[in-house]
Amino acid sequence: MYVCLCHAITDTQIKQAVSQGDISLSEVKKRLGVGDQCGKCVRMATQIIQNQLDLEPNYYEVA
């Protein structure tokens, strides 16, 4: 599903960014550009990031 229409960013891309170590909206924004245009996707993107963090362990915090 498209989350950010301005940059054609999907929920799968956001989940992949979290899997690659981005644990906040600012980090995902830096990688993908989500939320830097109109901002309507910020709430949904934040929710997807949090859900993904709840599902998979974050090995970057352990090190």
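Before reading on, note that the structure itself is shown above.
Since we're looking at a predicted model, the values are computed, not measured.

Rules and cut-offs
Residues numbered from 1 in each chain as written. Predicted model: local features only at pLDDT ≥ 70, side-chain atom pairs only at ≥ 80, totals over all residues. Heavy atoms only, no water. Disulfide = S-S within 2.5 Å. Buried < 20%, exposed > 50% of the residue type's maximum accessible area, 1.4 Å probe, protein only. Helix = DSSP H or I, 4+ residues; strand = E, 2+ residues; numbered from the N terminus. Arc of directions from axis to C-beta. Contact = heavy atoms within 4.5 Å. Salt bridge = Lys/Arg side-chain N within 4 Å of Asp/Glu carboxyl O.

J.: Any chance you could explain the state of the cysteines here in plain terms?
T.: Here is the idea: a disulfide is a covalent bond, and it sits between the sulfur atoms of two cysteines. Applying the stated criterion across every chain, the model contains 0 disulfides. Of the cysteine sulfurs around Cys-6, a residue in no disulfide, the closest is that of Cys-38, at 3.7 Å. In this structure Cys-38 comes out as partly exposed when scored by relative accessible area, which is 49%.

J.: Please explain unusual backbone geometry as it appears in this structure.
T.: Peptide bonds are, in most cases, trans, and in most cases residues other than glycine have a negative phi. One non-glycine residue, Ala-8, adopts positive backbone phi at about 55°. Relative to the helices and strands, Ala-8 resides in the loop between strand S1 (2-4) and strand S2 (9-10).

J.: Would you mind showing me how to read helix H1 (residues 11-19) here?
T.: Because each turn of an α-helix spans 3.6 residues, side chains separated by three or four positions end up pointing in the same direction. Taken residue by residue, H1 has Asp-11, Ile-14, Ala-17 and Val-18 as its buried positions. Buried residues along H1 cover an arc of 120° about the axis, so they all sit on one side. Next to the buried residues of H1 lie S1, S2, helix H2 (25-32) and helix H3 (42-55). With its phi angle positive at about 115°, Gly-21 sits one or two positions after the end of H1.

J.: Mind showing me how you'd approach the pattern of salt bridges here?
T.: Opposite charge on two side chains allows them to pair when their charged atoms are near. The tally for this structure, following the rule as stated, stands at 2 salt bridges. Close ionic contact of Lys-15 with Asp-11 constitutes a salt bridge, the shortest N to O distance being 3.9 Å. Of this pair, Lys-15 and Asp-11 both sit in helix H1, 4 residues apart, which is roughly one turn of that helix. On the basis of relative accessibility, which here comes to 34%, the residue Lys-15 falls in the partly exposed class. Looking at Asp-11, the relative accessible area reads 13%, which means it is buried. A salt bridge links Asp-22 to Arg-31, with the shortest nitrogen-to-oxygen separation between them at 2.4 Å.

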